[in-house]
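# Structure at a glance
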Amino acid sequence: MRTQVAIIGAGPAGLLLARLLENAGIDVLVLERRAPDYVLGRIRAGVLEQGTVDLVEQAGVAARMRAEGLPHEGIELQFDGDPLRIDLRQRSGGKQVLVYGQTELTRDLMQARAEAGTASVYEAEDVTLADFDTAHPRVTYRHGGATHAVECDFIAGCDGFHGVARASVPARAIELFERVYPFGWLGVMADVPPVRDELIYAHHARGFALCSMRSRTRVRCYVQCPLDTDIADWSDARFWDELRSRLDPSVAEAMRTGPSIEKSVAPLRSFVAEPLRFGRLFLAGDAAHIVPPTGAKGLNLAASDVRYLAEALVGHYRDKSDAGLDGYSARALARIWKAERFSWWMTKLLHSFPEDGAFDRRVQRAEFDYLAGSAAAQTALAENYVGLPV
Ligand code: APR
Ligand code: PHB
């Protein structure tokens, strides 16, 4: 079997890249380890920067996002109950974000590929990369009881943090940067109306809390929790009580609660691999980097990686130029590290760190007070949250 670009992973990064390349007439093969329902079952943040919205439009899969996405012009921070609204639109010079679940975007991409007859190979087992340091990279995988070999020009590693692509790079050729946070997020999805029209990010001595949403009738809320948290210990009632205890009392009182339709614990990590190119293998999305979800940057960084990589591959095939491929890693990493910094800063501002002492907690409060009193500080937060230029 032969293709031009073998894409490992059918999450948002892999499917968006596949769509952009196919729209440019480039032949791709997508290999996904899991079944479609498993991929769609992963609950992830859904705050889209304008650059991501533009890319989804460019990919031609924006109809439902346009119809169902919720434009948000601001977010509310709370620090020990003190509210501070950040006017994203005013502070960013007119930009905003769109709330649209990542699962829905993945579903739209899957449907578009199926309708175009460019199916992905799901439940592809033992995907193995070979010879990506030559001009003739290869991928093998097992499917339907048989082993398949794929000859290709390029391999895109879009297989997430635990994927095989980055793991296939020799240790001497890659440098990893990581910070693991000493807590996780306990998340609940419920079919109740959001307590506010905008997201609420709250710092509290008991821990961080976030009130987000998927629609006007479905909320996604989180509380910071210990890493060893067992969701079996968390009834719905306990979760809602804990969430409300961390919010401004007027918000807590107004909050509607209901039975959870999903409940899970996620660890928080900052991670970057350098470089992102190894011969004919390119990493994009979570395979290349991880951010704590506080800044809602994961999907948006995957989108900017994919934008750069798609432009580079189209340049190779259409313009016979490898300038984009040669510049991909540096271009993507420049934006990745700025998003890593912002996500780390927002996580430090809003979470309770077990190792922090009284001095650290005073500095956190001072950071919030400075933000509350400074247009410049709010502009800095807003321009990062809505997305730095791609
Ligand atoms: N072979 C084939 N597929 C694999 C392999 C493998 N060895 N390992 C992982 N995969 C698949 C996973 O099953 C998953 O569907 O690769 C896909 C990677 O998707 P994501 O983890 O969603 O990563 P990405 O597409 O980069 O999207 C980044 O999604 O995970 C969130 O928070 C993240 O919002 C960010 C966005
Ligand atoms: C979510 O809706 O799941 C969400 C929103 C914003 C974040 C993180 C998660 O920063």
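Computed from a prediction, not measured in an experiment: that's the story for all the values here.

### Examining the overall build of the protein chain
Of the regular secondary structure elements, the protein chain holds 12 helices and 19 strands. At 21 Å, the protein chain has a C-alpha radius of gyration in line with the 21 Å of a compact globule built from 390 residues. The dimensions of the protein chain, computed from C-alpha atoms along their principal axes, are 60 × 40 × 40 Å. Looking at the 390 residues of the protein chain, the share that counts as buried comes to 55%. The contacts in the protein chain between residues at least 6 apart in sequence include a share of 72% that link residues at least 24 apart. When the accessible surface of the protein chain is summed, it comes to about 16,500 Å², and 51% of that surface belongs to carbon and sulfur atoms. Computed over 45 positive and 52 negative side-chain charges, the inter-centroid distance for the protein chain is 1 Å.

### Here's the deal with the packing of helix α11 (residues 358-373) against helix α12 (residues 375-385)
Remark: α11 packs on α12, axes separated minimally by 5 Å, with the N-to-C direction vectors making an angle of 100 degrees. Between α11 and α12, the interaxial angle falls into the category roughly perpendicular. Only Ala375, Ala377, Gln378 and Leu381 of α12 make contact with α11, whose side of the interface consists of Tyr370, Leu371, Ala372 and Gly373. Considering only residue class, the contact of α11 with α12 consists of six nonpolar, two polar and no charged.

### Here we look at the state of the cysteines
Counting across every chain of the model gives zero disulfides. There is no disulfide at Cys152, and the cysteine sulfur nearest it, in Cys158, is 13 Å away. For Cys152, a relative accessible area of 1% translates into the label buried. Residue Cys221 stays outside any disulfide, its sulfur separated by 4.5 Å from that of Cys211, the closest cysteine.

### What about the site of ligand 1?
Around ligand 1 there are 24 residues in total, and Glu32, Arg42, Arg44, Gln102 and Asp286 lie nearest to it. Note that an oxygen atom of ligand 1 is positioned 2.5 Å from one of the side-chain N or O atoms of Arg42. In the environment of ligand 1, an oxygen atom lies 2.5 Å from a nitrogen or oxygen atom belonging to the side chain of Arg44. For ligand 1, the protein covers 91% of the area, taking 700 Å² as the surface of the free molecule. Within the residue set of the shell around ligand 1, elements represented by two or more residues are α1 (12-23) and α9 (298-319). In terms of residue count, α9 provides more of the shell around ligand 1 than any other element does, three residues in total. Here the shell around ligand 1 is composed, by residue class, of 10 nonpolar, seven polar and seven charged.

### Some remarks on the site of ligand 2
In the vicinity of ligand 2 lie 13 residues, with Tyr201, Ser212, Arg214, Tyr222 and Pro293 positioned nearest. Contact distances for ligand 2 include 2.5 Å between an oxygen atom and a side-chain N or O atom of Tyr222. In this structure, Ala296 approaches ligand 2 through a main-chain N or O atom, which is 3.5 Å from an oxygen atom. Protein coverage of the free-state accessible area of ligand 2, which is 280 Å², stands at 99%. Of all the secondary structure elements, the ones that give two or more residues to the shell around ligand 2 are β14 (209-215) and β15 (218-225). Per-element tally for the shell around ligand 2: the top contributor is β14, with three residues.

### Some thoughts on the packing of α1 against helix α6 (residues 102-115)
For the pair α1 and α6, the least separation of the axes is 10 Å and the interaxial angle reads 40 degrees. Crossing angle aside, the handedness with which α1 passes α6 is left-handed. Taken together, the residues of α6 that come into contact with α1 (itself represented by Pro12, Leu15, Leu16, Ala18, Arg19 and Glu22) are Gln102, Thr106, Leu109, Met110, Ala112 and Arg113. Broken down by class, the residue content of the contact of α1 with α6 amounts to seven nonpolar, two polar and three charged.

### A few points about the sheet that holds strand β13 (residues 200-203)
Taken in spatial order, the eight strands make up an open sheet running β6-β5-β13-β14-β15-β12-β16-β19, and their pairing is mixed. In the strand order of this sheet, the two ends are held by β6 (82-87) and β19 (289-290), each with one partner. Direction of pairing for strand β12 (residues 175-190) relative to β15: antiparallel, over a ladder of seven bridges. Bridging across to β15, Gly184 finds its partner in Cys225. In the packing of helix α10 (residues 323-350) onto the sheet, contacts are made with β5 (74-79), β12, β13, β16 (260-274) and β19, and the angle to β16 comes to roughly 130 degrees. Docked against the sheet, α11 engages β5, β6 and β13, running at close to 140 degrees with respect to β5.

### Brief notes about the sheet that holds strand β10 (residues 146-151)
Spatial ordering of the open sheet is given by β8-β9-β10, a layout of three strands whose pairing is antiparallel. Strands with a single pairing partner mark the edges of an open sheet, and in this sheet they are β8 (125-130) and β10. With strand direction ignored, the average angle separating the axes of adjacent strands in the sheet is 15 degrees. Here four bridges tie β8 to strand β9 (residues 138-143), and the two strands are oriented antiparallel to one another. The partner of Leu129 across the bridge, within β9, is Val139.

Reading the values: rules and limits
Residues numbered from 1 in each chain as written. Chains lettered and ligands numbered in written order. Predicted model: local features only at pLDDT ≥ 70, side-chain atom pairs only at ≥ 80, totals over all residues. Heavy atoms only, no water. Helix = DSSP H or I, 4+ residues; strand = E, 2+ residues; numbered from the N terminus. Rg over C-alpha atoms; globule rule 2.2 N^0.38 Å. Buried < 20%, exposed > 50% of the residue type's maximum accessible area, 1.4 Å probe, protein only. Contact = heavy atoms within 4.5 Å. Areas by Shrake-Rupley, 256 points an atom, 1.4 Å probe, with all protein chains shown as cover. Lys, Arg positive; Asp, Glu negative; His and termini not counted. Charge placed at Lys NZ, Arg CZ, Asp CG, Glu CD. Axes fitted to C-alpha atoms, helices over the stretch in contact; angles between N-to-C directions. Parallel < 35°, antiparallel > 145°, perpendicular 65-115°, else oblique. Nonpolar A, V, L, I, M, F, W, Y, C, P; charged D, E, K, R; others polar. Disulfide = S-S within 2.5 Å. Near = heavy atom within 4 Å. Polar contact = N/O pair within 3.5 Å; in protein donor to acceptor, adjacent residues only side chain to side chain. Left-handed = near helix turned anticlockwise from the far one by under 90°. Pairing = 2+ DSSP bridges.

Everything listed is a geometric property; what it means functionally is a separate question.
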